[in-house]
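Observations on the model geometry
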Amino acid sequence: MSEALKNRKTVWKTFWLWQYEEEEAWLNQMAAEGWVLEEVHFFRYGFTRCQPGEYILRLEMMNGSPAMDENQEYIWFVRGTGAEYVGKLKNWVYFRKKAAEGPFELFSDLDSRLAHVERVLCLAAVLFGAMALNFLLYLNSVFIGRGSLEELTFEALPLLALSAAMLFWIGRGCRKLWTLRKKLKEERRLRE
């Protein structure tokens, strides 16, 4: 194996929208093991060798496309703190910073963290609503022209089950975000 290939690694991994904290923890664990994020794509992460623990990684969902002027200004601001912009995935941006330069946080206070959770929750709620509508429309189309549940075709059952499972899974993610939002709001209320 060539030296260049030994210093690069691709990992295929899935994180759901509401699992951004787990994704960030995993990226930091990879950096602790000597693999720093170099590029990000859907379900695919590209890493290069680094000194174990050399980097701290952070990710954030922007309010709109990272290409928007106000988001570009924010990215330049974060870069001005010594952080490197690794890349983007839709509205998500990924940063890394040398651990030797000190702590690295994107959310400096409770309000900014709460605003981030609300952005993620809003998108998750839209996904839940779209999935619920899709499920109901499909359920309606399956039963049109059928007199009873017994007449339901076996072709429709797997799709209905899959749609119901996805609806449940996205609903659980929304609930997780809602609970986190509620906790942060309570924490803010106690500090006031």
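Our subject in this report is the structure included herewith.

Parameters at a glance
- Every chain is numbered on its own, with residues counted from 1 as its sequence reads.
- Two thresholds apply to this predicted model, a pLDDT of at least 70 for residue-level local features and 80 or more for giving and counting side-chain atom pairs, whereas whole-chain, interface and lining totals are computed over all residues.
- Only hydrogens and water are set aside; all other atoms, that is, all heavy atoms of the structure, feed into the side-chain values.
- Residue types Ala, Val, Leu, Ile, Met, Phe, Trp, Tyr and Cys, when buried and joined through side-chain atoms within 4.5 Å, form a set referred to as a nonpolar core.
- Partly exposed describes any residue whose relative accessible area lies between the buried limit of under 20% and the exposed limit of over 50%, with all areas from a 1.4 Å probe on protein chains only and scaled to the type maximum.
- Segments assigned H or I by DSSP are reported as helices when at least four residues long, segments assigned E as strands when at least two residues long, and all are numbered from the N terminus.
- In what follows, a contact means two residues having at least one pair of non-hydrogen atoms within 4.5 Å.
- When DSSP finds two or more bridges between two strands, those strands count as paired.
- Axis lines are fitted to C-alpha atoms, over the contacting stretch for helices. Their N-to-C directions set the angle, which ranges from 0 to 180 degrees.
- Under the rule applied, a polar contact is a pair of N or O atoms within 3.5 Å (in protein, one hydrogen donor and one hydrogen acceptor; residues adjacent in sequence only if both atoms are side-chain atoms).
- Expected helix span is given by 1.5 Å per residue-to-residue step, counting one fewer step than there are residues.

This part is about the nonpolar core. In this structure, Leu-27, Phe-47 and Tyr-94 are the most contacted members of the largest nonpolar core, which totals 42 residues. Of all elements in the fold, only helix H2 (20-32), strand S2 (35-41), strand S3 (44-49), strand S4 (55-61), strand S5 (84-89), strand S6 (92-98), helix H4 (110-143) and helix H5 (156-191) reach the threshold of two or more residues within this core. Per element, the largest residue contribution to this core is 10 residues, and it comes from H4. With residues up to four places along the chain from it excluded, the contact list for Phe-47 reads Asn-7, Arg-8, Lys-9, Val-11, Trp-26, Leu-27, Met-30, Trp-35, Val-36, Leu-37 and Glu-38.

Here Cys-174 is to be found in helix H5. Judged by its relative accessible area of 12%, Cys-174 is buried. Once the C-alpha coordinates of Cys-174 and Leu-127 are considered, the two residues, 47 residues apart in sequence, prove to be 9.4 Å apart. Apart from residues lying up to four places away in sequence, Cys-174 is in contact with Leu-121, Ala-124, Ala-125 and Phe-128.

Across the sheet, 3 strands lie side by side as S4-S6-S5; this open sheet has antiparallel pairing. Strands with a single pairing partner mark the edges of an open sheet, and in this sheet they are S4 and S5. The mean inter-strand angle of the sheet, taken between neighbouring strand axes irrespective of direction, is 20 degrees. Running over the sheet, H2 touches S4 and S6 and is turned about 160 degrees from S4.

On to the sheet that holds strand S1 (residues 8-12). Hydrogen bonding along the main chain pairs the strands of a sheet, whether they run parallel or antiparallel. Spatial ordering of the open sheet is given by S1-S3-S2, a layout of 3 strands whose pairing is antiparallel. Strands with a single pairing partner mark the edges of an open sheet, and in this sheet they are S1 and S2. Here the strands of the sheet are splayed against their neighbours by 25 degrees on average, with no regard to which way each runs. Relative to S3, S2 is paired through 6 bridges, and the arrangement is antiparallel.

Let us look at the side chain of Glu-24. Its place among the elements puts Glu-24 in helix H2. A distance of 3.0 Å separates a polar atom in the side chain of Glu-24 from the backbone nitrogen of Leu-59. Once residues lying within four places of it in the same chain are set aside, the contact partners of Glu-24 are Leu-57, Arg-58 and Leu-59.

Helix length check: H2, at 13 residues, gives a terminal C-alpha distance of 18 Å against a target of 18 Å (1.5 Å per residue), a fit within 8%. For H2, the full list of buried residues reads Tyr-20, Glu-23, Glu-24, Trp-26, Leu-27, Asn-28, Met-30 and Ala-31. Two residues or fewer after H2 comes Gly-34, characterised by a positive phi angle close to 95 degrees.

Attention now moves to unusual backbone geometry. Peptide bonds are trans in most cases, and residues, glycine excluded, mostly fall at negative phi. Even without glycine at this site, Phe-43 takes up a positive phi of about 65 degrees. With respect to the helices and strands, the residue Phe-43 is situated in the loop between S2 and S3. Unlike most non-glycine residues, Lys-90 shows phi in positive territory, near 55 degrees. For Lys-90, the position within the fold is in the loop between S5 and S6. Residue class for Lys-90 comes out exposed when judged on its relative accessible area of 59%.

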